[in-house]
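# Overview (structure and organization)
Spelled out, the chains give:
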Amino acid sequence: MDNSKNIVYRLGSGCELDDIVVGNTYEVKVQGFAKFGTFVYLNNHVKGLIHISNVKSDHKEGETLYVHVNNIRDNGNIDLEEVALKEGYEIKTVQCQKISIRLSDLKNKVGRNVNLQAEVAQIKQTSGPTIFTLVDETGSENAAAFIEAGKRAYPEVELGDMVSLSGEVMMRNGQLQIEVSYMEALTDEEKEQVKERIVKATEERARPKDIPFLIESEVLQKLKPEMQKVAQILRKAIFTNQPVILRHHADADGIVAAVSVEKAIIGLIRAEGGDQDTENHLFKRAPSKAPFYEIEDVTRDLDFALRDNVRFGQKMPLILMMDNGSTEEDEPSYKVAKVYDLPIVVVDHHHPDESIDKYLEAHVNPYHVDGDFGVTAGMLGAELARMIYPDIEDEIKHFPAVAAVGDRSEAPEREKYLSLISDKYSEDDCKDIALALDYEQFWLRFNDGKEIVKDILNVNNNPDRHKNLVNLLVQEANSAIDEQLKTSLPHVKDSVLKNGSHLFTIDVEIFAHRFTFPPPGKTSGEIHDLLCRKNEGKPVVTLGIGPDFAVIRSRGVLMNIPQMVRELRDEIEGGGVNGGGHLVVGSIKFVEGMRDIVIKSLVEKIGNFTTE
Amino acid sequence: MDNSKNIVYRLGSGCELDDIVVGNTYEVKVQGFAKFGTFVYLNNHVKGLIHISNVKSDHKEGETLYVHVNNIRDNGNIDLEEVALKEGYEIKTVQCQKISIRLSDLKNKVGRNVNLQAEVAQIKQTSGPTIFTLVDETGSENAAAFIEAGKRAYPEVELGDMVSLSGEVMMRNGQLQIEVSYMEALTDEEKEQVKERIVKATEERARPKDIPFLIESEVLQKLKPEMQKVAQILRKAIFTNQPVILRHHADADGIVAAVSVEKAIIGLIRAEGGDQDTENHLFKRAPSKAPFYEIEDVTRDLDFALRDNVRFGQKMPLILMMDNGSTEEDEPSYKVAKVYDLPIVVVDHHHPDESIDKYLEAHVNPYHVDGDFGVTAGMLGAELARMIYPDIEDEIKHFPAVAAVGDRSEAPEREKYLSLISDKYSEDDCKDIALALDYEQFWLRFNDGKEIVKDILNVNNNPDRHKNLVNLLVQEANSAIDEQLKTSLPHVKDSVLKNGSHLFTIDVEIFAHRFTFPPPGKTSGEIHDLLCRKNEGKPVVTLGIGPDFAVIRSRGVLMNIPQMVRELRDEIEGGGVNGGGHLVVGSIKFVEGMRDIVIKSLVEKIGNFTTE
Amino acid sequence: MDNSKNIVYRLGSGCELDDIVVGNTYEVKVQGFAKFGTFVYLNNHVKGLIHISNVKSDHKEGETLYVHVNNIRDNGNIDLEEVALKEGYEIKTVQCQKISIRLSDLKNKVGRNVNLQAEVAQIKQTSGPTIFTLVDETGSENAAAFIEAGKRAYPEVELGDMVSLSGEVMMRNGQLQIEVSYMEALTDEEKEQVKERIVKATEERARPKDIPFLIESEVLQKLKPEMQKVAQILRKAIFTNQPVILRHHADADGIVAAVSVEKAIIGLIRAEGGDQDTENHLFKRAPSKAPFYEIEDVTRDLDFALRDNVRFGQKMPLILMMDNGSTEEDEPSYKVAKVYDLPIVVVDHHHPDESIDKYLEAHVNPYHVDGDFGVTAGMLGAELARMIYPDIEDEIKHFPAVAAVGDRSEAPEREKYLSLISDKYSEDDCKDIALALDYEQFWLRFNDGKEIVKDILNVNNNPDRHKNLVNLLVQEANSAIDEQLKTSLPHVKDSVLKNGSHLFTIDVEIFAHRFTFPPPGKTSGEIHDLLCRKNEGKPVVTLGIGPDFAVIRSRGVLMNIPQMVRELRDEIEGGGVNGGGHLVVGSIKFVEGMRDIVIKSLVEKIGNFTTE
């Protein structure tokens, strides 16, 4: 062997097989041992073999050696021979720069070796290779790195790292994948540069197109910038592989709002090349028991998110609240979420408390623009969904009308959304769908009921099943309501307050069926509606009273429930009063032992409000 | 190249590599591109390569080209050369018909290429190939189709399709599998023909053998045709890969009935070559909280079934109700199931309401043949299990006796089943097993407790563990019952009704331990039994009263509970009364606020019945 | 062919390819058929092919044939030719003994074929090979046996078998694995011998090093032998791949104790080469709802363990109880566990009942050595953790101090543990962490909250997040406590008992917020603490009364709660009284209808105790 040149090459990390010159001497590191010889690394990823017959001394893993390249075979194997260095040798590093491409260009590079830089958005260990989900400003693709079945490849690369990698682009059935030949995390300096480039361009890509609303609406028009902001945040989450947890009010309006966005996000994921697994890890819809984000809920969400983060290498999620999330009752949970830097976005039509805005990335609420709850969450959700992924428009066009009648909207938007779909759904159809959603959700007990709910909303391409299901659920719901009314009505007590309004009280704990549909709140509402019809034109207040709560429904009385709650809380020592809701519809909680005192005082206050 | 023949061949979909002639010209479609050339399809599944040096023009995916076959290599690679067609060429389609075989013949074709037609009964995507479970009139086998790890092969083929496929039969360790080389869905016309053939033959194969019952019984004999029908339906479900959900009453009789069928179905699945995964996706046993199919239960079953259908390509399930399911209380859930076309089968011994039969495929019930609840569900279940899979007979022979004593059957069948197994189990052994089941199920809280229940029933091949477990559970159950009686008995109130019967009442809410074993119903029963013994020969009625329910136990009073419930419901305005059960054993529900009125009225009615 | 020698060789099970002689005749068994010939086994694992041209007769699977070895190819294929035997042949068995090695030696045998004997500690079927987890006296390693993707290899080998196996040692990324070429279960005789050797050596290896405690403590010193025993049992469980279920009290002390051991066991698993999957199957931490091992809990634990045993080939688990498990209330569950031979180990500081010791392998309890509850479970847990895996010392050094203040220890150990970490955590920091644990566990509802709890305890390498989270939780907890006190205090009733002590009673059911933090027990405690401060120096008793329970807190009264409970139980007929706890802090349960009588009698008894 000729070793006279006295130059030893050190192969740079960007170099590949092609960059090695047969006959040259290289500095290498021992990787491992086999019966037939010693494997060494020429750089971080190019490997060669010193056949047992060419090994000159004993070695340890990781030891540095010098080798002569005898041959590079057709199959890529490199035959090496260990050499002892003469004195006075010189070390030269071989640099091999390659041009980087963007992820969206991969489709044109099938079968080719590429270099690129991207953010690692998920690291999932399969029973075969390790799958790195990469994100850059043009899209997201998977890269597979294989060391050994089920073993984590490149363990030094972590979630959120910016990496430089090279590999071959594979494509079959329209699905692209990079087979990684080499990957390394960028240094902090390089990282900032690449990150800035990617973030900026992703923001741009996530910006929704400016499309007109389905209907004309002053309130919606004013909300447009904030809705676009929310759409952009959600699109960006999907583009950067951040999971979205959608928490929503478990009633028809809330479900409609949430399913709109669910459909849009799933559509977007699919359009980006994702499959069912991608959907399941990137999106979760969860109806909430309470009309706010309970500590128990955020605790569970966080517990799961942290586990997924540790076990499946997933990013921490973004929280999206719909028909929910805009009041101070949400604050304790928001504080918890903020400890973990979870971004929170709210789309709600309940009267908002300003105090919570400091926790939010964005907050769409008609009250911010002089609208009110008549522009329901379901309307907002459907329009938002169109911004996120315009192609789902046809499927969800009837959702806002369902939400409108479900939430008894009296806003002008109601009629417009109804007439938009009047060729396919009558107002009664919409009412039926809304009631079917409420009834089914009751039995789903805060599961999302994914496919059943889609059937009720007629987005499963099975209109007959939709019709049969809704008809059945409406029939069952009405028969349950009838039974409840038949049982409760004989026990309703009637009186007239000093402001002339009729007060009806019913003990919904002992004079109504429990743990069944309709639950106490809806039972009170149904009684109220019936008594309003019987007392046409008169101011009516209905109290559904339980052991430690009362549901308040009213018509024609200019009451302010939040104010009454505050007063009762201050005035009744040891009453444990709290609660809230809208001005004239809400509920109040207290400790059981103070029920009579609280109710008496509440009734007195109600009697002091003016009637319409 | 010789292109003079002017004939271009179009390779039919049934053709394979062997059917290609070197030197001929073929019409092909571009499949994809590699560095070294262009891949094309000669028909839907035979692929060849035009080496880069033989490509004559630029192409797009899916484009039609014409090629000359230069060579077919030993490894199956086809070397092609792109050609331009001369004018006046003629296209001929090459047809390659193969003889189809049946799935049960596969075992004789290992290592051979076969063609067959079958129904797709499941499509499961693994991290490797896509597994199509095929069903024909002779059996069920899996076919593996591989495109790329984790990618769905033949996405156009859907669950329930009739397909034609070819592939190689592989066999190792007695497990057969087809490695699919080609598959396509049949046209509607072909489909009907194949389907009819398969359905007809499967029905025949599913028909159970006519075997005598374990004992002589007039009632069973009369029920035989309907039981055979149920057995056939269940066998067919397994043969055609349709999941079975078994909902059953959560008491000893119900568990025994259900585990009999569980054992038979698992046995049948194994005999058909299925493994643990097959078992888990084809069969689920679920004890029901209520003595009927609650809306909440059907909602959950449906939610899960739809998810499995979408995610794992499973068929929608069949519902089997045991010791449960024959009354009008089941109707709302049956209606829901019917929207999704789920077949429902009932095996029950409660007094049936005719109104539900319209929802059922089959309904085994002793009341249909002048029998009564003395022929218990556990007896029916064990005999049915033998029809489904005769080989389990020895294992479950003692089940009917356990059910008989557990449900206090007084039918003649009781003694016959007891004497059948008297060499191995005494009547006391059976009582112990039944009590152990009741006690354990209470703590299992409506989980099926799969392996523990098998230990209690001594079908886990571990008789020592069985004995120790049953002894322990019986001891714990009895000590809990003693404690409950000691607490409750001092509070029992005694009176004599005008028909001379003794009425005992106990408030099981405030004078018994709650949320523990025995629960209120069993507590009432134990008190009743004890007071019956103390009042030997006299008519006795025991009411276990809760805040909104009462449990009724009686002896020697010819009462009719369902009739009393109907009357109370009509007579007591706002009482919210409902309930039911057997004639002389049952329960009644009402709203808490009307408890005193309802109980007073109930007691009066009881006093009006004649005593024995 | 030359068949004249008339000797037929039978290849022994220890033989390999190398031991076969070309030209000799062997007895073989038919394994299967292929197009091109018949595969046969020369012994249990060496396979050869009789090419179709060399097959002389028709055969069935399993049939015995005789073959001549024509050739052994470079790739290991053996070419055979079927021969008919001449009369008078002789059969000779070829024995091939190999030297066995130990599992810890595998790392020096990479790329080599080895023989070894070991216990099968888990059998897991992957979608690829079957993974046998092997254990011997030197460690645990995985062996992969492959027959067909997803098929169980060596189905005759069962969990717990002692096996002899040979295979090649593979190593990549520092992870060893044996690729099994042959495996067989040892005969009973061989088994005993090997088992004894392994058990004995494993016991020795599991013995913890004798390290000094973190602090000087007489009580700990006396407990050392029993703690070492527990450490050895747990280390042995990990070494032999037996899952550990850790059930613990769901308060700060219990969590601290349990997380200490969790950290140690995970550390040990990792040090032994295990990964996240190993962790998840070998260790589960489960907070218990009740302060003892409820029947419902053991039932669930057992149900899951049996399923894992059947489905994933796991060993039945060991139960470790911490801050929990030492009283007779645990007995019913222990009895259940014993039916399944589950070993149980207790580390507790509650006053122990001797009656349970017969169920336990070991029991660490300060009361056994004249200590008391002031040496808390958290202290014991942290010291035990150091014995199990000394390397975690630094991480958990502050745990005992948190436990001490959390459980209000007044033992001398409290100050020592506090001063040990005073440079990093003040006493107030420890109090905050303890309160944060209590508050968070309330919302976790008996989930272990794995990662969140680690953040609270500052063992997640994120001190900022730790600090923010603890601050937030403390603030929320205190504000919830303030609200509860504000609501309850006005309803507290005051009286003076005949022994001069102040009795405060509060109905925590109707005068406190329910289903929120603080729950009734803590609410009573907070009220008691506040009233103690207001009544400095006086004896104070506080009763928090619910519908069927009362929480007892006291200061300065020498009461004996367990004794009172026993007396009330005997004296009040139909009271259903039970309960317990420490001498001066505890709770009592009764049936709701007897509340007034029980409370009256309880108060009278309290008034009879001397005050300090």
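Because the structure is predicted, anything quoted here is derived from the model rather than measured. Throughout this description, residue numbers start from 1 for each chain and increase along the sequence as written. Naming scheme: in the order in which they are written, chains are lettered from A and ligands are numbered from 1. At least 70 in pLDDT is required for a residue's local features to be given in this predicted model, at least 80 for side-chain atom pairs to be given and counted, and no such filter applies to totals for whole chains, interfaces and linings, which use all residues. Note that water and hydrogens are dropped before the side-chain values are worked out from all heavy atoms of the structure.

When helices and strands are tallied, chain A shows 16 helices and 24 strands. Just to be clear, the radius of gyration here is over C-alpha atoms, and the globule rule we use is 2.2 Å times residues to the power 0.38. By the compact-globule yardstick of 25 Å for 612 residues, chain A is too spread out, its C-alpha radius of gyration being 33 Å. Across its three principal directions, the C-alpha atoms of chain A cover 115 × 55 × 40 Å. Classification of the 612 residues of chain A by burial places 57% in the buried group. Contacts are assigned to residue pairs with any non-hydrogen atoms lying within 4.5 Å of each other. Expressed as a percentage of contacts within chain A between residues at least 6 apart in sequence, the contacts between residues at least 24 apart total 64%. By element, 47% of the accessible surface of chain A is carried by carbon and sulfur atoms, the whole surface being about 26100 Å². Taking the average location of the 72 positive side-chain charges in chain A and that of its 101 negative ones, the two points are 2 Å from each other. The way it works is that DSSP assigns letters per residue, a run of H or I at least four long becomes a helix, a run of E at least two long becomes a strand, and they are numbered from the N terminus. Note on classification: 1.4 Å probe, protein chains only; a residue is buried when its accessible area is under 20% of the maximum for its type, exposed when over 50%, partly exposed between these limits. Shrake-Rupley sampling with a 1.4 Å probe provides the accessible areas, and residues are treated as covered by the protein chains on show and by no other component. In summary, the charge assignment counts Lys and Arg as positive and Asp and Glu as negative, without counting His or the chain termini. Charge positions are represented by NZ for Lys, CZ for Arg, CG for Asp and CD for Glu.

Glancing now at the interface of chain B and chain A. Residue-level contacts link 33 residues of chain B with 41 residues of chain A. Buried area: the sum, over both parts, of the accessible surface (1.4 Å probe) that disappears when the two are put together. Across the chain B to chain A interface the summed buried area is about 3100 Å²; carbon plus sulfur atoms make up 54%. Should a side-chain nitrogen of Lys or Arg be within 4 Å of a carboxyl oxygen of Asp or Glu, the pair is scored as a salt bridge. Between chain B and chain A we count five salt bridges in total. Of the charged contacts in the structure, one is a salt bridge between A:Glu483 and B:Arg569, with a shortest N-O distance of 2.4 Å.

Turning our attention to the relation of the copies chain C and chain B. It takes a turn of 120° to lay chain C on chain B, together with a shift of 0.1 Å along the axis; the resulting RMSD is 0.1 Å. Taken together, the rotation angle and the small translation identify this as a three-fold axis. A different interface surface on each copy is seen, since only 3% of the contact residues of chain C are contact residues in chain B too. C-alpha atoms of residues with pLDDT of at least 70 in both copies form the basis for the least-squares superposition of the copies.

For the rest of this paragraph, the subject is the nonpolar core. Here, nonpolar core means buried Ala, Val, Leu, Ile, Met, Phe, Trp, Tyr and Cys residues that are tied together by side-chain atoms lying within 4.5 Å of each other. Core analysis: the biggest nonpolar cluster contains 143 residues, and A:Ile588, C:Leu234, C:Leu320, C:Leu384, C:Ile388 and C:Leu437 have the highest contact counts within it. Among all residues touching C:Leu320, those that are not within four sequence positions of it are C:Leu234, C:Val244, C:Ile245, C:Leu246, C:Arg247, C:Val261, C:Val345 and C:Val347. Membership of the second largest hydrophobic core comes to 142 residues, among which are A:Ala436, B:Val541, B:Ile561 and B:Val565.

Turning to the interface of chain C and chain B, a few remarks are in order. Facing the 33 residues of chain C at the interface are 38 residues of chain B. Taken together, the two surfaces of chain C and chain B that pack against each other cover about 3100 Å², and 55% of this comes from carbon and sulfur. Here chain C is connected to chain B by five salt bridges. In the analysis that follows, any N or O atom pair within 3.5 Å is treated as a polar contact, provided that within protein one partner can donate a hydrogen and the other can accept it, and provided that, for residues neighboring in sequence, both atoms belong to side chains. Viewed at the interface, chain B and chain C are joined by 10 residue pairs in polar contact (both at pLDDT 80 or more). Of all the secondary-structure elements, those providing two or more residues to the side of chain C that touches chain B are helix 5 (295-312) and helix 6 (331-339) of chain C. Among the elements that take part in the side of chain C that touches chain B, helix 5 of chain C stands out by supplying nine residues, more than any other.

Take the sheet that holds strand 21 (residues 549-555) of chain C next. Residue and element names in this part refer to chain C. The pairing criterion for strands is at least two bridges between them, as found by DSSP. An order of 18-19-20-21-23-22 is seen for the six strands of this open sheet, with the pairing classed as mixed. With partners counted over all chains shown, the strands left at the sheet margins are strand 18 (493-496) and strand 22 (578-581), one partner each. Across this sheet, the average inter-strand angle for adjacent strands is 15°, counted without regard to direction. Alignment of strand 20 (residues 540-545) against strand 21, held across six bridges, turns out to be antiparallel. Looking at strand 21, one finds that Thr-542 is bridged to Arg-553. Helix axes are fitted to C-alpha atoms over the stretch in contact, other axes to C-alpha atoms as well, and angles between N-to-C directions run from 0 to 180 degrees. Where helix 15 (residues 561-571) meets the sheet, it contacts strand 21, strand 22 and strand 23 (586-589), and its direction lies at approximately 170° from that of strand 22.

All names here are of chain B. How far a helix is expected to stretch is found by multiplying one less than its residue total by 1.5 Å. Across its 12 residues, helix 7 (residues 377-388) extends 16 Å between first and last C-alpha, which sits within 8% of the 16 Å expected from 1.5 Å per residue. Within helix 7, 12 of the 12 residues are buried, which leaves it mostly tucked inside the rest of the structure. Turning to helix 7, its buried residues are Ala-377, Gly-378, Met-379, Leu-380, Gly-381, Ala-382, Glu-383, Leu-384, Ala-385, Arg-386, Met-387 and Ile-388.

Residues and elements named next belong to chain B. Enumeration according to the criterion identifies 111 salt bridges over all chains in this entry. With a shortest N-O distance of 3.8 Å, Glu-361 and Lys-338 are connected by a salt bridge. Of this pair, Glu-361 sits in the loop between strand 17 (344-347) and strand 18 (362-364) while Lys-338 is found in helix 6 (residues 331-339), placing the two residues 23 residues apart along the sequence. A residue is classified by how much of its surface remains accessible, and Glu-361, at 37% relative accessible area, is partly exposed.

Per the UniProt record, the feature "domain: S1 motif" (unreviewed entry) sits at residues 18-83 of chain A. Measuring from the first to the last C-alpha atom of residues 18-83 of chain A gives 22 Å, for a span that is 0% helix and 52% strand. UniProt positions are given in the numbering used here, feature names are shortened, and annotations may be inferred rather than shown by experiment.

Residues and elements named next belong to chain A. Inspection of the secondary structure assignment puts Gln-484 in helix 13 (residues 463-488). A polar contact of 3.3 Å, which involves the side chain of Gln-484, links it to the backbone oxygen of Pro-518. Contact partners of Gln-484, with chain neighbours within four places excluded, come to Ala-512, His-513, Pro-518 and Thr-523.

On to the packing of aromatic side chains. Here the aromatic set is Phe, Tyr and Trp, taking the six-membered ring for Trp, and pairing holds for ring centres within 6.5 Å; pairs whose planes are under 30 degrees apart are stacked, those over 60 apart are edge-to-face, and all others are tilted. Tallied over the full model, the rule gives 24 aromatic pairs over all chains. For the ring pair C:Tyr9 and C:Tyr26, a centre distance of 5.8 Å and an interplane angle of 45° mean the geometry is tilted. Of this pair, C:Tyr9 sits in strand 1 (residues 7-11) while C:Tyr26 sits in strand 2 (residues 25-34); the two residues are 17 residues apart in sequence, bridging distant segments of the chain. Members of the aromatic cluster, joined through ring pairs, are A:Tyr439, A:Phe442, A:Trp443 and A:Phe517. Here C:Arg205 stacks its cationic end above the ring of C:Phe239, 3.9 Å away from the centre of that ring. Counted as over-ring charges are cases with an Arg CZ or a Lys NZ within 6 Å of the ring centre that also lie within 35 degrees of the ring normal. Taking the ring centre of C:Phe213 as reference, the NZ or CZ of C:Lys224 above it sits at 5.4 Å.

A contiguous patch of negative charge on the surface is contributed by A:Asp188, A:Glu189, A:Glu190, A:Glu192 and A:Glu196. Within the secondary structure layout, A:Glu189 lies in helix 1 (residues 188-206). Like charges within 9 Å and nonpolar side chains (Val, Leu, Ile, Met, Phe, Trp, Tyr) within 5 Å are joined into patches, using only residues over 30% in relative accessible area that form no salt bridge.

Another aspect to go through is the domain arrangement of chain A. Residue and element names in this part refer to chain A. Looking at the assigned domains, one finds that chain A contains domain 1 (3-94), domain 2 (100-205), domain 3 (208-425) and domain 4 (492-608). Domain extents, as shown, originate in an automatic or database domain assignment. The distance between the C-alpha centroids of domain 1 and domain 2 comes to 28 Å. The interface of domain 1 with domain 2 comprises four residues on the first partner and four residues on the second. Counting each side, the surface lost to burial between domain 1 and domain 2 is near 350 Å², with a carbon and sulfur contribution of 44%.

Before going further, it helps to spend a moment on the confidence of the model for chain A. pLDDT runs from 0 to 100 and stands for how confident the predictor is about each residue. Looking at chain A as a whole, the pLDDT averages 91, with 97% of positions reaching at least 70. Here the complex is predicted with pTM 0.83, and the ipTM for its interfaces comes to 0.81.

Residue and element names in this part refer to chain B. Strand 21 (residues 540-545) sits mainly inside the fold: six of its six residues count as buried. Side chains Val-540, Thr-542 and Gly-544 project from strand 21 onto one buried face, and the interleaved Val-541, Leu-543 and Ile-545 project onto a second face that is buried too. Bridge analysis of strand 20 (residues 502-507) against strand 21 gives six bridges, and the strand direction is parallel. In the sheet register, Asp-507 faces strand 21, and the bridge partner there is Ile-545. With its strands directed away from the observer, a crossover is right-handed exactly when the path from the first strand over the helix to the second travels clockwise. Crossover strand 20 to strand 21 through helix 14 (residues 520-534) is right-handed.

All right, on to the environment of C:Ser166 then. All names here are of chain C. As for its position among the elements, Ser-166 is in strand 11 (residues 162-172). For Ser-166, a relative accessible area of 6% gives the class buried. It is 5.3 Å that separates the C-alpha atoms of Ser-166 and Tyr-182, two residues lying 16 residues apart in sequence. When near neighbours in sequence (up to four residues on either side) are disregarded, Ser-166 contacts Glu-16, Val-114, Asn-115, Glu-179, Val-180, Ser-181 and Tyr-182.

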